[in-house]
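# Survey of secondary and tertiary structure
Here's the letter readout for the chains.
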Amino acid sequence: MALWMEAGSEPTTASERADIDGIIAIKESVALELKEKGNEYVKMGKKHYSDAIDCYTRALNQKALCDSENSIIYANRAHVNLLLGNYRRALEDAEEAVRLCPTNVKALYRATKAALTLDLLTEAALFCRAGLEQSPSNDELKKLAKQIDLRKSEHELHEAQIKEAVAAAKDIASAIENRGVKLGKPMYQELTGIKKPILDRNNILHWPALLLYAEVMSSDFIEDFCETDVFSAHLDMMFSETCPPLPWDREHVYTREAVELYYEAGSAVPLSKTEILRHFLEGTPASLVDIGCDEEKDAQQDWSSGKGHKWIKVDEKKTLHSVLRQPDVVIPGIPVFYVVSKGSNFYKEFRSGKWAPPS
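Quick notes on the rules
Residues numbered from 1 in each chain as written. Predicted model: local features only at pLDDT ≥ 70, side-chain atom pairs only at ≥ 80, totals over all residues. Heavy atoms only, no water. Helix = DSSP H or I, 4+ residues; strand = E, 2+ residues; numbered from the N terminus. Expected span 1.5 Å × (residues − 1). Buried < 20%, exposed > 50% of the residue type's maximum accessible area, 1.4 Å probe, protein only. Arc of directions from axis to C-beta. Phe/Tyr/Trp six-rings, centres within 6.5 Å; stacked < 30°, edge-to-face > 60°. Axes fitted to C-alpha atoms, helices over the stretch in contact; angles between N-to-C directions. Parallel < 35°, antiparallel > 145°, perpendicular 65-115°, else oblique. Left-handed = near helix turned anticlockwise from the far one by under 90°. Contact = heavy atoms within 4.5 Å.

### Regarding helix α2 (residues 49-61)
- Its 13 residues place the ends of α2 18 Å apart at the C-alpha level, agreeing with the 18 Å of an ideal helix rising 1.5 Å per residue.
- Inspection of α2 places Tyr49, Ala52, Ile53, Cys55, Tyr56, Ala59 and Leu60 among the buried residues, and these make up the whole buried set. Projection of α2 onto a plane perpendicular to its axis shows the buried side chains occupying an angular sector of 160°, all on one side.
- Residue Lys63 follows α2 closely and has a positive phi angle near 50°.

Next comes the structure, spelled out in structure tokens:
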């Protein structure tokens, strides 16, 4: 009997051939029944999708059907995997269906849909084009073709935005390095948000700057402090006679003549070149771009003296740039200056170095 034949051997008698034909017919019948049963399960809804996949898998395992029939079953299983959100498996099944029958339009459609969902735009476009060659008037494939073109346009725009953001970040980082300015880890972002300097067409840096009233830890913010501006110009505007007094300054001691600006010397560790670049990419389309790490870690010095806080008075006649490039200045993301009044009781405490910003 054919059942007792060794694997790979050929039937030699009419009886053996008849047995083999009968076994093949039975397996074909079982496979087709499993295929139809799988189709019924799909119609019964989501609760039976796993049963449908099981039926399709068992039908394929019979290894009894022709390529065109197996292509249909693979395409059907791809359809169910799409419904379940198993997009990678759906794509694999659809690809196999297309391999077995390149003219299977449903398989080409499902391969296109799965590839598009996985953001494999090149593959999706190839499958979609092949499907439209077989069925030029297929509306579903036409819709997918439009979606692929739109997604490609979005990707191209995003890539352009990434390149622009990286180029801008590198320009600013280079400008800061060329000026001998040191940048540290950002502070007070709860007050300022993600603020960064801007490099204009004339290669001039425009910094956002935070002014902290040390006595009460209130704040003012200068959106555009050009590096060529002197401090007195901004103070003249902020404390002019036409400006109302600060709401918390009940004794009116924060006047133009009385206010002084200070920065904290050696308050942070300078960032490396790579860290600076990552900082400037934060909040841009390129924020997740892998820019690697420094080949050689920038030499970093502990700028903290360990002897309390050292406050350095700002010369109002100097430009922002001339102050920022001082050896003991490390900018905490953006320039931060502390405002105090010579007429305040707090003045002596601050000047003595006993006062520290709240942590």
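### Focus on the packing of aromatic side chains
- Tallied over the entire structure, the rule returns 13 aromatic pairs.
- Ring centres of Trp311 and Phe350 lie 4.8 Å apart, and the angle between their planes is 25°; on these two criteria the pair is classed as stacked. A residue pair is termed long-range when its members are at least 10 positions apart, and Trp311 in strand β6 (residues 311-313) and Phe350 in helix α12 (residues 346-351) qualify at 39 residues. Each member of the pair, Trp311 as well as Phe350, carries the same accessibility label: buried.
- With a centroid separation of 6.0 Å and an interplanar angle of 45°, the aromatic rings of Phe346 and Phe350 are classed as tilted. With a gap of four residues between them, Phe346 and Phe350 both fall in helix α12, about one helical turn apart. Taken individually, Phe346 and Phe350 each receive the classification buried, so the pair is uniform in this respect.

### What to know about the packing of helix α5 (residues 105-117) against helix α6 (residues 121-134)
- For the pair α5 and α6, interaxial distance at closest approach is 8 Å and the crossing angle is 160°. When the axis of α5 is compared with that of α6, the two are roughly antiparallel. Pair α5 / α6 crosses with left-handed handedness. Counting all contacts with α5, which are made through Val105, Leu108, Ala111, Thr112, Ala115 and Leu116, the residues of α6 involved are Leu121, Glu123, Ala124, Phe127, Cys128, Ala130, Gly131 and Gln134.

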